[in-house]
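Close look at the chain arrangement
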Amino acid sequence: MPTKDSDRIKKAVTMATKAHEGQLRKTGEPYLVHPLAVKKILEEWGMDEDTIIAGILHDTIEDTELTLNDIKQEFGESVAFLVDGVTKLSTARNGMRDIDTYLPATKDNFLRLMIALGDDIRVLIIKLADRLHNLRTLSALPPDKQKKIAKESLEVFAPLADRLNMGLLRVEMADLSFKYVNPKRFDELKNLIDKYNKSAEKSLQKIEQEVSQALKKEKIAFSISGRVKSVYSLHKKLAKHNQNINEIYDLTALRIIVDDITDCYLTLGIIHSLYMPMNGRIKDYIAMPKQNGYQSLHTTVITKDKRIVEFQIRTKEMHEYAERGLAASFYYNEQKLTENYKKGKIEHLPTNLLWITELQMTAAKLREGKKVDLKKLKLNLFSDKIFVYTPKGDIIDLPKGALPLDFAYRLHSEIGDHVVGVKINGKMSNLNKKLEHGDVVEILTNKNQTPKQSWLDKIFTSHARSKLMRALRPNSSQETKKKRKPRKQ
Ligand code: MN
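What comes next is a walk through the structure. (Residues numbered from 1 in each chain as written. Predicted model: local features only at pLDDT ≥ 70, side-chain atom pairs only at ≥ 80, totals over all residues. Heavy atoms only, no water.)

Our next topic: the overall build of the protein. Regarding its fold elements, the protein presents 20 helices and eleven strands. Taken across its 489 residues, the protein has 49% of its residues classed as buried. Excluding contacts between residues fewer than 6 apart, the proportion of contacts in the protein whose partners are at least 24 apart in sequence is 67%. Surface accessibility of the protein: about 24,700 Å² in total, with carbon and sulfur atoms responsible for 52%. (Helix = DSSP H or I, 4+ residues; strand = E, 2+ residues; numbered from the N terminus. Buried < 20%, exposed > 50% of the residue type's maximum accessible area, 1.4 Å probe, protein only. Contact = heavy atoms within 4.5 Å. Areas by Shrake-Rupley, 256 points an atom, 1.4 Å probe, with all protein chains shown as cover.)

This is the structure in structure tokens:
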């Protein structure tokens, strides 16, 4: 990490200082605080100089007298290109202030993200740093804006951070946002986690000692620490497991970092000789990395005092990459990556990031005005999500595995309650058919239709389930129906 600003960086700070002079943030501070915070975040991520400079100047085109040409003359093509990309991204978003039209806006944003990404992924990294600082200072905005920014961060930016394997960023973004999106639930789960951790503290210490002793005996160099589960990821997991906390096995996790891969597997063996591993809970992400490049061994064990503890075992490099992701690759391969970007070559990305190449090719097609078949796009940017369309072309995001009734209830409970059939991609289909990414879904309704008990088996999301349950209640009178109608935020 640079300890002293280079002359170019100093020059950029001076330029931004002049440009933003007199401007204030909503917090009342001078505007300059923001670009300087973005600079610091990018430095912490270990980004290259051009990216840092572009981060310092990222708001100047949109909000000040400075022009792209000024930036190009002073700092060259590459910096100007990055600033332009970030500006385009935020312009794309500006037309979409209304929270009710959020979903189509997501789609638009998403496509534009890709197009920008096609040129240089560093644009996204700057945008992520920008968004992170805005989230950290979100309390200064009015509540409706807080909600919109938080929701967008949760649905677009945090998954993006995950896709880039920027684990630290993902956790911070998700929890900062979730606090605004669902404050009650956030507090509830935060308390739950704190309580759980407190009750587990003593026995965890004991486990740590036992493991440490065993590893020392085998002369394995290691460091061990607890990892705290993020509130948002617990929320998501609970939704998957019908809110049953007893099915969440990774509330407590210990992380062991060792020197090399051999030591990873040795450590796994040692842990299994100490504690009973749980069936089906051993995951070898070293041999088979996650799609975002994440590597680690995971195992869940039952300790002598009947505690369920997850262990994550990895090397220092894997750890670094799990926390900083793509940014870490820039750090290690700075020269190479930056040079290749300048030459417009992208094939030298680490193999675990080849999906970026795929996105870039798609983006190139979009730029040329060619049609892109979303279905063929293995877009796993939102790997646990699918995007389906209404016949009008509005995009609805649903979890993978969602069924037509989930879609119907997502549109409106009035639609969900009166479903008589579904057309998928123009063809009659049935309510058991899993929706797929890119499907066009048309729900057929009849006002005489009433919700059926049997529909409970044809529902995947907890959202639709709770709506249907309410409708099935014997006394679900018109009056209560009216009350829950204005569900838009
Ligand atoms: Mn900004």
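We now examine the coordination of the manganese ion. Taken together, the protein ligands of the manganese ion are H34 (NE2), H58 (NE2), D59 (OD) and D130 (OD), with distances of 2.2 to 2.3 Å. When the donors of the manganese ion are listed by position in the chain, the intervening gaps give H-x23-H-D-x70-D. On the criterion of sequence distance, the pair formed by H34 in helix α2 (residues 33-44) and H58 in the loop between α3 (49-56) and α4 (60-63) is long-range, its members being 24 residues apart. By relative accessible area, H34 is classed as buried at 1%. (Donors = N, O, S within 2.8 Å, 3.2 Å for Na, K, Ca; no water.)

A full pass over the atoms with the stated rule returns four aromatic pairs. Geometrically, the ring pair formed by Y275 and F311 is stacked, given 6.4 Å between the ring centres and 15° between the ring planes. Within this pair, whereas Y275 is found in the loop between α13 (261-274) and β3 (276-277), its partner F311 is found in strand β6 (residues 308-315), the two being separated by 36 residues in sequence. Each member of the pair, Y275 as well as F311, carries the same accessibility label: buried. Through pairs of rings, three or more aromatic residues link up here, namely F178, F186 and Y232. (Phe/Tyr/Trp six-rings, centres within 6.5 Å; stacked < 30°, edge-to-face > 60°.)

Okay, the sheet that holds strand β9 (residues 419-424) next. Strand order across the open sheet formed by three strands is β10-β9-β11, with antiparallel pairing between neighbours. The sheet is open, and its two borders are formed by β10 (427-429) and β11 (441-445), each paired with just one other strand. Sheet twist, expressed as the average angle between the axes of neighbouring strands with direction ignored, equals 35°. Sheet topology places β9 next to β10; three bridges connect them, and they run antiparallel. Bridging from a neighbouring strand, I424 pairs with K427 of β10. Here helix α17 (residues 404-411) sits on the sheet in contact with β9 and β11, set at roughly 75° to β11. (Pairing = 2+ DSSP bridges. Axes fitted to C-alpha atoms, helices over the stretch in contact; angles between N-to-C directions.)

Here we come to helix α10 (residues 167-181). When the terminal C-alpha atoms of α10 are compared, their 21 Å separation across 15 residues agrees well with the 21 Å that a helix rising 1.5 Å per residue should span. For α10, the complete set of buried residues consists of G167, L169, M173, A174, D175, L176, S177 and F178. (Expected span 1.5 Å × (residues − 1).)

This structure, assessed with the given rule, holds 24 salt bridges. A salt bridge links E210 to K304; the nearest nitrogen and oxygen atoms lie 3.8 Å apart. Placement of the pair is E210 in helix α11 (residues 183-217) and K304 in the loop between β5 (297-302) and β6, with a sequence separation of 94 residues. For E436, the salt bridge is made with K433, and the minimal N-O distance between the two is 3.8 Å. When its relative accessible area of 45% is taken as the criterion, E436 is described as partly exposed. (Salt bridge = Lys/Arg side-chain N within 4 Å of Asp/Glu carboxyl O.)

With that out of the way, let us pick up the packing of α2 against helix α8 (residues 122-136). Closest axis-to-axis distance for the α2/α8 pair is 9 Å, and the angle between their directions is 120°. Overall, the two elements α2 and α8 adopt an arrangement that is oblique. Crossing geometry of α2 relative to α8 is assigned as right-handed. Residues V33, H34, A37, V38, I41 and L42 of α2 pack against I125, I126, A129, D130, L132, H133, N134 and R136 of α8. Looking at side-chain class alone, the contact of α2 with α8 contains nine nonpolar, three polar and two charged residues. (Parallel < 35°, antiparallel > 145°, perpendicular 65-115°, else oblique. Left-handed = near helix turned anticlockwise from the far one by under 90°. Nonpolar A, V, L, I, M, F, W, Y, C, P; charged D, E, K, R; others polar.)

What follows covers the pairing of β9. Bridging between β9 and β11 involves five bridges; their strand directions are antiparallel. Looking at β11, one finds that V422 is bridged to I443.

Relative to the assigned elements, S223 resides in strand β1 (residues 222-228). Residue classification places S223 among the partly exposed residues on the basis of a relative accessible area of 39%. Beyond its immediate chain neighbours, meaning those up to four positions away, S223 contacts R255, I256 and I257.

Time to look at the side chain of D406. Within the fold, D406 resides in helix α17. Lacking a salt bridge, the buried D406 has R465 as its closest oppositely charged neighbour, with an N-O distance of 7.0 Å. Within the structure, D406 has its side chain in polar contact with the backbone nitrogen of L403 (distance 2.8 Å). When neighbours within four sequence positions are excluded, D406 is seen to be in contact with L398, I459, F460, T461 and A464. (Lys, Arg positive; Asp, Glu negative; His and termini not counted. Polar contact = N/O pair within 3.5 Å; in protein donor to acceptor, adjacent residues only side chain to side chain.)

Next up on the list: the nonpolar core. Where a protein is soluble and globular, its nonpolar side chains tend to be buried together. One finds L42, W45 and L128 to be the most contacted residues of the largest nonpolar core, which totals 62 residues. The two domains that each donate at least three residues to this core are domain 1 (7-181) and domain 2 (184-324). Not counting chain neighbours up to four residues away, the residues in contact with L128 comprise W45, F157, L160, L164, M166, L169 and M173. Membership of the second largest hydrophobic core comes to 22 residues, among which are L204, L215, L268 and Y275. (Core = buried A, V, L, I, M, F, W, Y, C linked by side-chain atoms within 4.5 Å. Domains from an automatic or database assignment.)

Taking 1.5 Å as the rise per residue, α13 with 14 residues should run 20 Å; its terminal C-alpha atoms sit 20 Å apart, in good agreement. Listed in full, the buried residues belonging to α13 are D263, C264, T267, L268, I270 and I271. Along the long axis of α13, the arc covered by the buried residues comes to 165°, so they all point the same way. Across from the buried face of α13, at angles greater than 90 degrees, the exposed residues are T262 and S273. For α13, the elements touching its buried residues are α11, β2 (252-258), β5 and β6. (Arc of directions from axis to C-beta.)

Moving on, we come to the environment of V38. Tracing the sequence through the fold places V38 in helix α2. Owing to a relative accessible area of 0%, V38 belongs among the buried residues under this scheme. Excluding residues within four positions of it along the chain, V38 makes contact with G55, H58, A129 and D130.

None of the figures reported here should be taken as evidence of function without further support.
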